[in-house]
Amino acid sequence: MSAPAPTVQAAFLAAIRAALPELRLLTDAIDRESYRRDETAYLEPPLPIAVALPSRTAEVAELVRLAALHRVPVVPRGAGTGLSGGAAGVEGGLTIAFARMNRVLEIDRDNFVVVTQPGVINAELKAAVAAEGLFYAPDPASYETCTIGGNLGTNAGGLCCVKYGVTRDSVVGLEVVTADGSIVRLGGRTVKDVAGYGLIPLIVGSQGTLAVVTEATLRLRPTPPPKATLIAFFPTLDAAGRAVSALSAAGVEPCTLELMDRTTIRAVDDVHALGLDRDAAAMLLVESDLPGDAAGAALEVAAGACDGAGATASLIAADAQEADWLRQGRRMAFHAMERLGVARMEDVGVPRGRVPELLAAIERVAAEQELTIATFGHVGDGNLHPNIILDRDDPDGEAKLKRATDALYRAAVELGGTVTAEHGIGVARRDYLELQRGAGAVAMMRAIKDALDPLGILNPGKVLPEA
Ligand SMILES: Cc1cc2nc3c(=O)[nH]c(=O)nc-3n(C[C@H](O)[C@H](O)[C@H](O)COP(=O)(O)OP(=O)(O)OC[C@H]3O[C@@H](n4cnc5c(N)ncnc54)[C@H](O)[C@@H]3O)c2cc1C
């Protein structure tokens, strides 16, 4: 949609103030600036015309109703940790930030669900349910900063997806505001429910382009036993890739299976001084939360599989503290990377059996483009994050980056994989949606978008390529 004229924008803001006098509405440029971008610093998105901080669903509904009336785009926003530009500003648009809708509303022990507002930080939700002896599984590496609304927007993955699935697998109910400002409830608290079309899986992962989520009912589990943790070092990336297949073949079902390559190992060790093997080409972090002795037994099998694939060392963490340091080192890998230069995190995925080929493709792209690419990620899901590190002074940097991302996306698709396994298409990967999905599937997506958002006001320019 085209940007609304300045007079329309002014009338829209005046209508908001009249209808919602209590609403916190940021209009100063300096305040709006912090809502322009997400973690995709390389994009140059427009500044929102205003930022609304609603505190209840009725306010969100009124904001969207007025936006539809004035044909003003709206961008839902969580914590802005996204890595695809999903929450970035749009031309002439209002950003709705959920920081004040940050309450856990109910923990329902009988039905193993939690009802929450979207602005709750993932780690805070986890802590709230843990205090009741319950467990909310999805755990993006950014879990201490990202919100449940953002996790629902991107269908976030994380370190324990390999056992517990992605965000979508934990959603049983949603309250959403649709593009005309109506409030609609989807799902409920039942474990099984096949009445009509599956709208929850459609909304989750749609990056705010089909509806705005104002409440979620999420599935809980009993708290799993403490994790046992293994790290294994490898002389080549290929050996680490083969170890991943060997672990599956040996019947190990870890709750975490992460990879870090040499550049990542060194960057993480520089920051956290964990005493990692800095000469290793790759490291695997394998964890099990099976009960009793079963976790230790699973890690013994895992160590055997790693050794069989050529590991130079396999070590079991001495205690929970050491395990936590190792896990935290992996979680902070992206920030460690940012010390090396301008780091752009990519998010390709392949069927698990093709991980060694993906690792080889990443090395090939790095060599061809004469770039450092540091790779880490959720290798147990076949999901790797190649981080392209740019020298700030390289005049050819942007061009190299474009060539490298193009080659990475094409390699992933050729291997039967995806250009984005968990971060989303957003703005950053729009041009590759059709390569990934095909024209027929993109046409179906457009039809859904047109049906649910006929005026095109919900986060326009995100996910779908220009028509
Ligand atoms: C260091 C680091 C590590 C990361 N690790 C992981 C990881 O392991 N796994 C992973 O999946 N991601 C990871 N991410 C990416 C990011 O944290 C996730 O995508 C997260 O889900 C974004 O949450 P957020 O609250 O920051 O959302 P935002 O970035 O604010 O928004 C993300 C998307 O959701 C939409 N949205 C937000 N709120 C709503 C709502 N209420 N209704 C509808 N749509 C909404 C936005 O419009 C946007 O499209 C990482 C990021 C960083 C910086």
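Rules used in this analysis
Residues numbered from 1 in each chain as written. Predicted model: local features only at pLDDT ≥ 70, side-chain atom pairs only at ≥ 80, totals over all residues. Heavy atoms only, no water. Helix = DSSP H or I, 4+ residues; strand = E, 2+ residues; numbered from the N terminus. Buried < 20%, exposed > 50% of the residue type's maximum accessible area, 1.4 Å probe, protein only. Contact = heavy atoms within 4.5 Å. Near = heavy atom within 4 Å. Polar contact = N/O pair within 3.5 Å; in protein donor to acceptor, adjacent residues only side chain to side chain. Areas by Shrake-Rupley, 256 points an atom, 1.4 Å probe, with all protein chains shown as cover. Pairing = 2+ DSSP bridges. Axes fitted to C-alpha atoms, helices over the stretch in contact; angles between N-to-C directions. Disulfide = S-S within 2.5 Å. Core = buried A, V, L, I, M, F, W, Y, C linked by side-chain atoms within 4.5 Å. Salt bridge = Lys/Arg side-chain N within 4 Å of Asp/Glu carboxyl O. Phe/Tyr/Trp six-rings, centres within 6.5 Å; stacked < 30°, edge-to-face > 60°. Lys NZ or Arg CZ within 6 Å of the ring centre and 35° of its normal. Parallel < 35°, antiparallel > 145°, perpendicular 65-115°, else oblique. Left-handed = near helix turned anticlockwise from the far one by under 90°. Nonpolar A, V, L, I, M, F, W, Y, C, P; charged D, E, K, R; others polar.

A. Representation of the environment of Arg24. Along the chain, Arg24 turns up in strand β1 (residues 24-26). The partly exposed category is assigned to Arg24, whose relative accessible area is 46%. It is 9.5 Å that separates the C-alpha atoms of Arg24 and Arg100, two residues lying 76 residues apart in sequence. For Arg24, the contacting residues outside a window of four places in its chain are Val51, Ala52, Leu53 and Arg100.

B. Region of interest: the site of the ligand. Taken together, 37 residues lie around the ligand, and Pro76, Gly78, Thr81, Ser142 and Thr147 are the ones closest in. At 2.9 Å, a backbone N or O of Ala79 approaches an oxygen atom of the ligand. Here an oxygen atom of the ligand sits 3.4 Å away from a polar atom, N or O, in the main chain of Gly86. The fraction of the free accessible surface of the ligand (980 Å²) that becomes covered by protein chains is 98%. Looking at the shell around the ligand, the elements that each hand over two or more residues are β3 (74-77), α5 (148-154), β10 (212-219) and α12 (333-337). Counting residues per element, the shell around the ligand draws most heavily on α5, at five residues.

C. Molecular detail of the sheet that holds strand β9 (residues 183-187). If you trace the five strands from one edge of the open sheet to the other, you get β5-β6-β10-β8-β9, paired in antiparallel fashion. The sheet is open, and its two edges are formed by β5 (104-108) and β9, each paired on a single side. Strand-to-strand twist in this sheet, taken as the mean axis angle between neighbours without regard to direction, amounts to 15°. Here β5 pairs with strand β6 (residues 113-116) via four bridges, running antiparallel. By the bridge assignment, Glu106 is partnered in β6 with Val115.

D. View of the sheet that holds strand β4 (residues 94-97). Read across the sheet, four strands follow the order β1-β2-β4-β3 without closing on themselves; strand pairing throughout is mixed. Each edge of the open sheet is held by one strand with a lone partner, namely β1 and β3. Neighbour to neighbour, the strand axes of the sheet diverge by 25° on average, direction disregarded. Sheet topology note: the strand β2 (residues 50-53)/β4 ladder contains three bridges and is parallel. The partner of Ala52 across the bridge, within β4, is Ile96.

E. Layout of the state of the cysteines. The tally for this structure, following the rule as stated, stands at zero disulfides. Free of any disulfide, Cys146 has its nearest neighbouring cysteine sulfur in Cys161, separated by 12 Å.

F. Focus on the nonpolar core. Among the nonpolar cores identified, the biggest contains 50 residues, and Phe234, Leu284, Val286, Val379 and Ile388 are the most heavily contacted of them. Among the elements of the structure, β12 (228-234), α8 (237-249), β13 (256-261), β14 (282-288), α10 (294-308), α13 (355-369), β19 (383-390) and α14 (397-414) are those that each provide at least two residues to this core. Contact partners of Val286, with chain neighbours within four places excluded, come to Ala228, Thr229, Leu230, Leu247, Pro254, Thr256, Leu257, Leu299 and Ala302.

G. Region of interest: the side chain of Asp108. Summarising the element assignment, Asp108 is placed in strand β5. Take Asp108: its relative accessible area is 8%, and that puts it in the buried class. Asp108 has contacts with Val113 and Arg189, leaving out every residue within four places of it along the chain.

H. Here's a closer look at the pattern of salt bridges. The final tally for this structure, using the stated rule, is 26 salt bridges. Note that Asp279 is salt-bridged to Arg266, the shortest N-O span being 3.6 Å. Of the two residues, Asp279 sits in the loop between α9 (262-272) and β14 while Arg266 sits in helix α9, which places them 13 residues apart along the sequence. Among the residues examined, Asp279 registers a relative accessible area of 59% and is labelled exposed. The exposure class of Arg266 is partly exposed, given its relative accessible area of 33%.

I. Structural context of the packing of aromatic side chains. Using the criterion set out here, one finds two aromatic pairs in the structure. Residues Tyr409 and Tyr432 carry aromatic rings whose centres are separated by 4.6 Å and whose planes lie at 65° to one another, so their mutual orientation is edge-to-face. Taken together, the residues span a long stretch of sequence, with Tyr409 in helix α14 and Tyr432 in the loop between α14 and α15 (433-437) at a distance of 23 residues. The class for Tyr432 is buried, based on a relative accessible area of 13%. Above the ring of Tyr42, the side-chain terminus of Arg344 is found at 4.0 Å from the ring centroid.

J. Representation of unusual backbone geometry. The backbone of Arg71 shows a phi angle near 60°, a positive value even though the residue is not glycine. Mapping Arg71 onto the fold places it in the loop between α3 (57-70) and β3.

K. Main features of the pairing of β9. Two strands pair when backbone bridges link them, and strand β8 (residues 171-177) and β9 are joined in this way by five bridges, in the antiparallel orientation. Note that in β9 the partner of Leu174 across the bridge is Leu186. In this structure, the hairpin formed by β8 and β9 is closed by a connection of five residues, where Gly181 is found at a positive phi of approximately 95°.

L. Up close: the packing of α8 against α13. As a packed pair, α8 and α13 sit with axes 8 Å apart at the nearest point and diverge in direction by 155°. In terms of axis orientation, α8 runs roughly antiparallel to α13. For the element pair α8 and α13, the recorded crossing hand is right-handed. Seen from α8, the contacting residues are Leu237, Asp238, Gly241 and Arg242; seen from α13, they are Val355, Pro356, Leu359 and Glu363. Considering only residue class, the contact of α8 with α13 consists of four nonpolar, one polar and three charged.

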